[in-house]
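Next come the chains, spelled out residue by residue.
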Amino acid sequence: MLTQERHELILNLLEEKDTIKISELIHITGASESTIRRDLSQLEEENVLKRIHGGATLSRKKAFEMSVAEKSARNIEEKRKIAHYAASLIESGDCIFLDAGTTTYEMIPFLTDKDITVVTNGLPHVAHLVQNEIVLFVIGGAVKHKTGALIGVNALESLKQYRFDKAFIGANGVDAVYGYTTPDPEEAMVKRCAINLAKESFILADETKISEVSFAKIADLNQAAVITNELEDEQKALLKEKTDIKVVTT
C-alpha cells in the first residue's frame, strides 16, 4: 500500500471512529509499526490528527464541541475507569460538585453507597442522581442545549451559595502551558467558580484531552489534580511539574 493510500485510509477510519490504535492500523494496512508511527507523525505535522498513547485521534478546532450523544459514544471504558477512581476519593459526609459532562456522569453509579450531598449543573445527571436517591441540589441558569449544562450569570450566582469538599470537573483540554480549557467561555466560568469553591478539585480527562487546548481557559494546572487513563512519559513529566496526576489503568 502506498503512503498516500495509507494516509487516506487512516483519515477515513478516524472520521468513522474518532480514535484508532496503532495495533489496528498495523492489522488493517499490513504495514510495520515504525511505518505507521511515521505516518501518524507526518499527519500530525499537517495538523489533521493528534497522536495519543498507542494511537491517534482527530484534530479539532479550538471552539469545536461535540454534543452529549457524540461524547457519550467515545472512550466509554476509559471514562468509566476514570469515574470509578474519582468516586473512590469521595468520603462519607462529603459535599461535592459534579460538573456537567460524560465522564462525571459515569461517576454516578459509584456514588450509590455513599452518604453525600451533590450539587450539579448537568441536566443529564439529575434523573440518574434522583433515581439513586442521592441528596441533590441543582443550580439555576440557562440551558446549553448541546451539552445539557446550566451556564450563565444565574448559574454562577446560584453556584456561589455553596461550598464543596471536592469538585469533579470535565475539560476538553489539559496542557502543560495553557492549563485546563473548554470551548465555551460561559461554561468555563462555571467550572472555574466550582474549583474556587472547593477544598480539592479534580479534572477528569481521558487520553484524548491531554496536550489539547480549547478556546476558553478554566484554570491553571496547579488549581486541580488530573485523573486520566493514559499518558506518554514526556506528557507525564511536563504535567507533574505543575500538578498531581493519577493515571488509572485498571
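These numbers were taken from a predicted model, which means no experiment stands behind them.

S.K.: Explain the packing of aromatic side chains to me, please; I cannot follow it from the model alone.
M.R.: Geometrically, a pair of aromatic rings is defined through the distance of the ring centres and the angle of the planes. Inspection of the entire model under this criterion finds 4 aromatic pairs. Aromatic pair Phe 137 and Tyr 162: ring centres 5.9 Å apart, planes at 55°, arrangement tilted. With a gap of 25 residues between them, Phe 137 in strand β6 (residues 135-138) and Tyr 162 in the loop between α8 (153-159) and β9 (164-170) connect regions that are remote in the sequence. Take Phe 137: its relative accessible area is 39%, and that puts it in the partly exposed class.

S.K.: Hey, could you run me through unusual backbone geometry in this one?
M.R.: Residues other than glycine predominantly adopt negative phi, and peptide bonds predominantly adopt the trans conformation. A positive phi angle, near 55°, is found at Glu 133, a position not held by glycine. Of note, Glu 133 is situated in the loop between α7 (123-131) and β6. The phi dihedral of Ser 211 is positive, around 70°, even though this residue is not glycine. Looking at where Ser 211 falls in the secondary structure, it is placed in the loop between β12 (198-204) and β13 (216-219).

S.K.: Would you mind going over the pairing of strand β3 (residues 55-58) with me for this structure?
M.R.: Each regular strand displays side chains that alternate between the two surfaces of the sheet. What you see with β3 is no split at all: Gly 55 and Thr 57 on one side and Ala 56 and Leu 58 on the other are buried throughout. In the sheet, strand β1 (residues 19-21) pairs with β3 via 3 bridges, with the strands oriented antiparallel. Paired with Thr 19 across the bridge in β3 is Thr 57. Here 4 bridges tie strand β2 (residues 49-52) to β3, and the two strands are oriented antiparallel to one another. Note on β3: the bridge partner recorded for Lys 50 is Thr 57. Joining the antiparallel neighbours β2 and β3 is a turn of 2 residues, in which Gly 54 adopts a positive phi near 80°.

S.K.: Hey, could you run me through the pattern of salt bridges in this one?
M.R.: Where charged atoms of side chains with opposite charge meet at close range, the side chains can pair. Tallied over the full model, the rule gives 16 salt bridges. A salt bridge links Lys 50 to Glu 212; the shortest N-O distance between them is 3.8 Å. With Lys 50 in strand β2 and Glu 212 in the loop between β12 and β13, the pair connects residues that are 162 residues apart, well separated along the chain. Grouping residues by exposure puts Lys 50 and Glu 212 together as buried. Residues Glu 187 and Lys 144 are paired through a salt bridge, measuring 2.7 Å at the closest nitrogen-oxygen approach. Here the residue Glu 187 occupies a position in helix α9 (residues 185-196), and Lys 144 occupies one in strand β7 (residues 142-144), the gap between them amounting to 43 residues. Note on accessibility: Glu 187 and Lys 144 belong to one class, buried. Connected via shared salt-bridge partners are Glu 77, Arg 80 and Glu 106.

S.K.: Looking at this structure, I do not really get the sheet that holds β3. What am I missing?
M.R.: Sheet strands pair via backbone hydrogen bonds, and the direction of the pair is either parallel or antiparallel. Taken in spatial order, the 3 strands line up as β1-β3-β2 in an open sheet, and their pairing is antiparallel. Looking at the sheet topology across the chains shown, the edges are occupied by β1 and β2. Mean inter-strand twist for the sheet, computed between neighbouring axes without regard to direction, equals 25°. Sitting on the sheet, helix α3 (residues 33-45) touches β2 and β3, and the angle it makes with β2 is about 135°.

S.K.: Got a minute to help me understand the nonpolar core in this structure?
M.R.: Most often, soluble globular proteins keep nonpolar side chains buried together rather than apart. Ranked by internal contacts, the top residues of the largest apolar core, which has 33 residues, are Phe 97, Leu 159, Val 174, Tyr 180, Ile 203 and Leu 239. Among the elements of the structure, α8, β9, α9, β12 and β13 are those that each provide at least two residues to this core. Top contributing element to this core by residue count: α9, with 5 residues. Once residues within four sequence positions are removed from consideration, Val 174 is found in contact with Gly 179, Tyr 180, Ile 203, Ala 205, Lys 209, Ile 210, Ser 211, Glu 212, Leu 221, Val 226 and Leu 239. Grouped together as the second largest cluster of nonpolar side chains are 20 residues, Ile 82, Ile 96, Ile 108 and Ile 134 included.

S.K.: Just to check I follow, could you spell out the packing of helix α1 (residues 3-17) against α3 for this structure?
M.R.: Helix packing for two helices is described by the angle between their axes and how far apart those axes are. Two elements in contact, α1 and α3, have axes whose closest approach is 11 Å; the angle formed by their N-to-C orientations is 70°. The angle between α1 and α3 falls in the class roughly perpendicular. Every residue of α3 that contacts α1 at Thr 3, Arg 6, His 7, Ile 10 and Leu 11 is listed here: Thr 35, Asp 39, Leu 40, Gln 42 and Leu 43.

Calculation rules
- Residues numbered from 1 in each chain as written.
- Predicted model: local features only at pLDDT ≥ 70, side-chain atom pairs only at ≥ 80, totals over all residues.
- Heavy atoms only, no water.
- Phe/Tyr/Trp six-rings, centres within 6.5 Å; stacked < 30°, edge-to-face > 60°.
- Helix = DSSP H or I, 4+ residues; strand = E, 2+ residues; numbered from the N terminus.
- Buried < 20%, exposed > 50% of the residue type's maximum accessible area, 1.4 Å probe, protein only.
- Pairing = 2+ DSSP bridges.
- Salt bridge = Lys/Arg side-chain N within 4 Å of Asp/Glu carboxyl O.
- Axes fitted to C-alpha atoms, helices over the stretch in contact; angles between N-to-C directions.
- Contact = heavy atoms within 4.5 Å.
- Core = buried A, V, L, I, M, F, W, Y, C linked by side-chain atoms within 4.5 Å.
- Parallel < 35°, antiparallel > 145°, perpendicular 65-115°, else oblique.

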